[in-house]
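Each chain, letter by letter, is given below.
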Amino acid sequence: MPDDAFDLDNPELPEWVEKRALQSGGFPYDKRLDGEDYEHELEALQRELVKLQAHLQKTGGRVVGLFEGRDAAGKGGAIKAYAENLNPRFTLNVALPKPSDREKTQWYFQRYVDWLPAGGEQVMFDRSWYNRAGVEAVMGFCTPEETARFLEEAPRFEKMLVRDGIHLFKFWLAIGRETQLKRFHSRRHDPLKVWKISPIDLAAIEKWDDYTKAAQRMFDACHTDDTPWRVILANDKKRARLEMIRSVLLAIDYDDKNDKVVGKADDKIAMPPERYMREHSKM
């Protein structure tokens, strides 16, 4: 790929980026989902989410969703689509800033524990404790020893959550390289999105392979039978959001569940990490 032909500050997006973006990374569809079809299906699934919320409040159930992926993968938008029609008192979107000086001295998981759900609540983490396996490791914000310790401790920590009855969902939203470049370019030149781009994003352009290696290491250590990762190909945000919601609805039984509306998983879009790393990560 001719990286030297990409200039983020140039308001004109290179033709090769536009041409390759949708199917970059081996994305299986050559067209984005139609907008009307998306809105119709999204509303139907969101109605099921309202039923799920009522069920959780009735039974005291708890849900935690972890949304991870490369910069510009669409984590925030996916959470917004999930929570759009849910009671915000019981559905929390957590996007923590970098740790304070005090938090840096605490047990690494401590500041995340404060946000875990009580009965009837759902908590969506827009980035999570997996910062230590991703951006912190790649950008040198922690030591290799700290990352290794995290990868050893995270499965134990998550198993405790699941044993206590929490429904834990770990989503990795995967995008191709040209898709990331296109989204960075949009952020850079759209006055309503420019706040989204940061020095970390800019550094990510040059560290694509480093992030790939970090993801592989994370999956190897933390994809377990008790707390599996679910990779969702997200070059088309609409398909990714629907598949993320569907993954949650398929996994939990709740009153008046409409199996026809929930449907079946699209295995072209959603897959276990070993298949993703084998078939898509090096494209």
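About the criteria used
Residues numbered from 1 in each chain as written. Predicted model: local features only at pLDDT ≥ 70, side-chain atom pairs only at ≥ 80, totals over all residues. Heavy atoms only, no water. Helix = DSSP H or I, 4+ residues; strand = E, 2+ residues; numbered from the N terminus. Buried < 20%, exposed > 50% of the residue type's maximum accessible area, 1.4 Å probe, protein only. Contact = heavy atoms within 4.5 Å. Axes fitted to C-alpha atoms, helices over the stretch in contact; angles between N-to-C directions. Parallel < 35°, antiparallel > 145°, perpendicular 65-115°, else oblique. Left-handed = near helix turned anticlockwise from the far one by under 90°. Nonpolar A, V, L, I, M, F, W, Y, C, P; charged D, E, K, R; others polar. Expected span 1.5 Å × (residues − 1). Arc of directions from axis to C-beta. Disulfide = S-S within 2.5 Å. Core = buried A, V, L, I, M, F, W, Y, C linked by side-chain atoms within 4.5 Å. Phe/Tyr/Trp six-rings, centres within 6.5 Å; stacked < 30°, edge-to-face > 60°.

Here we look at the side chain of Thr91
Piece 1. By the secondary structure assignment, Thr91 is in strand β2 (residues 91-94).
Piece 2. Given a relative accessible area of 9%, Thr91 falls into the buried group.
Piece 3. Every residue in contact with Thr91, bar those within four places of it in the chain, is listed here: Gln53, Ala83, Leu86 and Gln122.

A closer look at the environment of Phe141
Piece 1. Within the secondary structure, Phe141 sits in the loop between α5 (135-139) and α6 (144-163).
Piece 2. Residue Phe141 is classed as exposed on the basis of its relative accessible area of 51%.
Piece 3. Remark: the alpha-carbon pair of Phe141 and Ala21, spanning 120 residues in sequence, is separated by 30 Å.
Piece 4. With residues near it in sequence (within four places) discarded, Phe141 still touches Val135, Glu136 and Ile200.

Observations regarding unusual backbone geometry
Piece 1. Of note, the phi angle at Ala72 is positive, near 75°, even though the residue is not glycine.
Piece 2. Tracing the chain through its elements places Ala72 in the loop between β1 (62-69) and α3 (75-83).
Piece 3. Owing to a relative accessible area of 5%, Ala72 belongs among the buried residues under this scheme.
Piece 4. One non-glycine residue, Asp256, lies in positive phi territory at about 60°.
Piece 5. Along the chain, Asp256 falls in the loop between α10 (237-251) and α11 (259-262).

Some remarks on the packing of α6 against helix α9 (residues 208-222)
Piece 1. At a closest axis distance of 9 Å, the pairing of α6 and α9 adopts a crossing angle of 40°. Judged by the inter-axis angle, α6 sits oblique to α9. Between α6 and α9 lies a crossing whose hand is right-handed. Residues Thr147, Ala148, Leu151, Ala154, Pro155 and Glu158 of α6 pack against Arg217, Met218, Ala221 and Cys222 of α9.
Piece 2. Along the lines of polarity and charge, the residues of the contact of α6 with α9 split into seven nonpolar, one polar and two charged.

Things to note about α9
Piece 1. Its 15 residues give α9 an end-to-end C-alpha distance of 21 Å, which sits within 8% of 21 Å, the value for a rise of 1.5 Å per residue.
Piece 2. Of all the residues in α9, the buried ones are Trp208, Tyr211, Thr212, Ala214, Ala215, Met218, Phe219 and Cys222. Burial along α9 is one-sided: seen end-on, the buried residues are contained in an arc of 165°. Exposed residues pointing more than 90 degrees away from the buried face of α9 are listed as Asp209, Lys213 and Asp220.

Quick word on the environment of Ile205
Piece 1. With respect to the helices and strands, Ile205 occurs in helix α8 (residues 199-206).
Piece 2. When its relative accessible area of 15% is taken as the criterion, Ile205 is described as buried.
Piece 3. The spatial distance from the C-alpha of Ile205 to the C-alpha of Gln23 is 18 Å, given a sequence separation of 182 residues.
Piece 4. In this view, Ile205 contacts Phe6, Arg177, Leu181 and Phe184; residues no more than four positions away in its chain are not counted.

Here's the deal with the state of the cysteines
Piece 1. Applying the stated criterion across every chain yields a total of zero disulfides.
Piece 2. Free cysteine Cys142: the closest other cysteine sulfur is in Cys222, separated by 13 Å.
Piece 3. Look at Cys142 and you get buried, because its relative accessible area is 9%.

Re the nonpolar core
Piece 1. Counting residues in hydrophobic clusters, the biggest one holds 65 residues, and the most contacted among them are Trp129 and Tyr130.
Piece 2. When residues in this core are grouped by element, the largest group, seven residues, is from strand β4 (residues 166-174).
Piece 3. Beyond its immediate sequence surroundings of up to four residues, Trp129 is in contact with Leu66, Tyr108, Phe109, Tyr112, Phe150, Phe157, Glu158 and Leu161.

Side note on the side chain of Asp201
Piece 1. You can see Asp201 is positioned in helix α8.
Piece 2. Among all residues touching Asp201, those that are not within four sequence positions of it are Asp71, Phe184, Arg187 and Lys196.

What to know about the packing of aromatic side chains
Piece 1. For the coordinates displayed, the defined rule picks out 20 aromatic pairs.
Piece 2. The interplanar angle of 50° and the centroid separation of 5.3 Å between the aromatic rings of Trp107 and Phe109 together place this pair among those described as tilted.
Piece 3. Given a relative accessible area of 46%, Trp107 falls into the partly exposed group.
Piece 4. On the accessibility criterion, Phe109 (0% relative accessible area) is buried.
Piece 5. Both rings, one in Tyr108 and one in Phe150, keep their centres 5.8 Å apart while their planes meet at 80°; by these two values the pair is edge-to-face. Taken together, the residues span a long stretch of sequence, with Tyr108 in the loop between β2 and α4 (110-113) and Phe150 in helix α6 at a distance of 42 residues. Phe150 shares its class with Tyr108; the two are buried.
Piece 6. Members of the aromatic cluster, joined through ring pairs, are Trp107, Tyr108, Phe109, Tyr112, Phe125, Trp129, Tyr130, Phe150, Phe157, Trp172, Phe219 and Trp229.

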